[in-house]
Amino acid sequence: MAYALFKDGEKLSRTFSTKEETLKKAEDAGLVESSGGQPRLEDDLKIKPCSPDPEPRSEDDLDWTPENPAS
């Protein structure tokens with residue numbers, strides 16, 4: 001199963017193979033805050049299961065934020 005980062009139902013990131021990998025990439029992009037020692041996604045961001053991307057995407061496709069979603 002693939003996972004991606006979503007906000008208000010809109011997919012913001014490419015897909016990743018695990019929730020943990022998705023969270024790590026969101027953290028690398030500065031979208032994770034620490035609350036009580038636990039990582040927490042900013043605002044209304046959520047990690048949800050989804051269909052895999054139709055074509056593999058490289059690590060260069062990680063420059064995404066809610067204001068600049070991945071295509």
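As shown above, the structure is provided for reference.
Residues numbered from 1 in each chain as written. Predicted model: local features only at pLDDT ≥ 70, side-chain atom pairs only at ≥ 80, totals over all residues. Heavy atoms only, no water.

1. Quick word on the overall build of the chain
A count of helices and strands for the chain gives one helix and five strands. Reading the secondary structure of the chain in the N-to-C direction produces β-β-α-β-β-β. Counting over 71 residues, the chain shows a buried share of 30%. Restricting the contact set of the chain to residue pairs at least 6 apart, pairs at least 24 apart contribute 59%. Accessible surface for the chain amounts to roughly 4,600 Å². Of this, 45% is attributable to carbon and sulfur atoms. (Helix = DSSP H or I, 4+ residues; strand = E, 2+ residues; numbered from the N terminus. Buried < 20%, exposed > 50% of the residue type's maximum accessible area, 1.4 Å probe, protein only. Contact = heavy atoms within 4.5 Å. Areas by Shrake-Rupley, 256 points an atom, 1.4 Å probe, with all protein chains shown as cover.)

2. Section: the pairing of strand E4 (residues 38-41)
The pairing of strand E3 (residues 32-35) with E4 spans four bridges and is classified as antiparallel. Residue Ser34 lies in a different strand from E4, and its bridge partner there is Pro39. The turn joining E3 and E4, which pair antiparallel and follow one another in sequence, is formed by two residues; a positive phi near 65° is taken by Gly36. (Pairing = 2+ DSSP bridges.)

3. So, the packing of aromatic side chains
Applying the stated criterion across every chain, the model contains zero aromatic pairs. Taking NZ or CZ as reference, Lys48 lies 5.2 Å from the ring centre of Phe6, over its face. (Phe/Tyr/Trp six-rings, centres within 6.5 Å; stacked < 30°, edge-to-face > 60°. Lys NZ or Arg CZ within 6 Å of the ring centre and 35° of its normal.)

4. Observations regarding unusual backbone geometry
Phi at Asp8 is positive, roughly 55°, even though this residue is not glycine. Of note, Asp8 is situated in the loop between strand E1 (2-7) and strand E2 (10-11). The exposure class of Asp8 is exposed, given its relative accessible area of 67%. One non-glycine residue, Asp43, lies in positive phi territory at about 45°. Tracing the sequence through the fold places Asp43 in the loop between E4 and strand E5 (45-50).

5. Considerations on the pattern of salt bridges
Oppositely charged side chains can form a pair if their charged atoms are brought close together. Enumeration according to the criterion identifies three salt bridges in this entry. In this structure, the salt-bridge partner of Asp28 is Lys24, at a minimum N-O distance of 2.7 Å. Linking Asp28 with Lys24, this pair stays in helix H1 (residues 19-28), spanning four residues, or about one helical turn. Classification of Asp28 as partly exposed rests on a relative accessible area of 48%. Linking Arg40 and Glu33 is a salt bridge whose minimum nitrogen-to-oxygen distance equals 2.8 Å. Residue class for Arg40 comes out partly exposed when judged on its relative accessible area of 40%. (Salt bridge = Lys/Arg side-chain N within 4 Å of Asp/Glu carboxyl O.)

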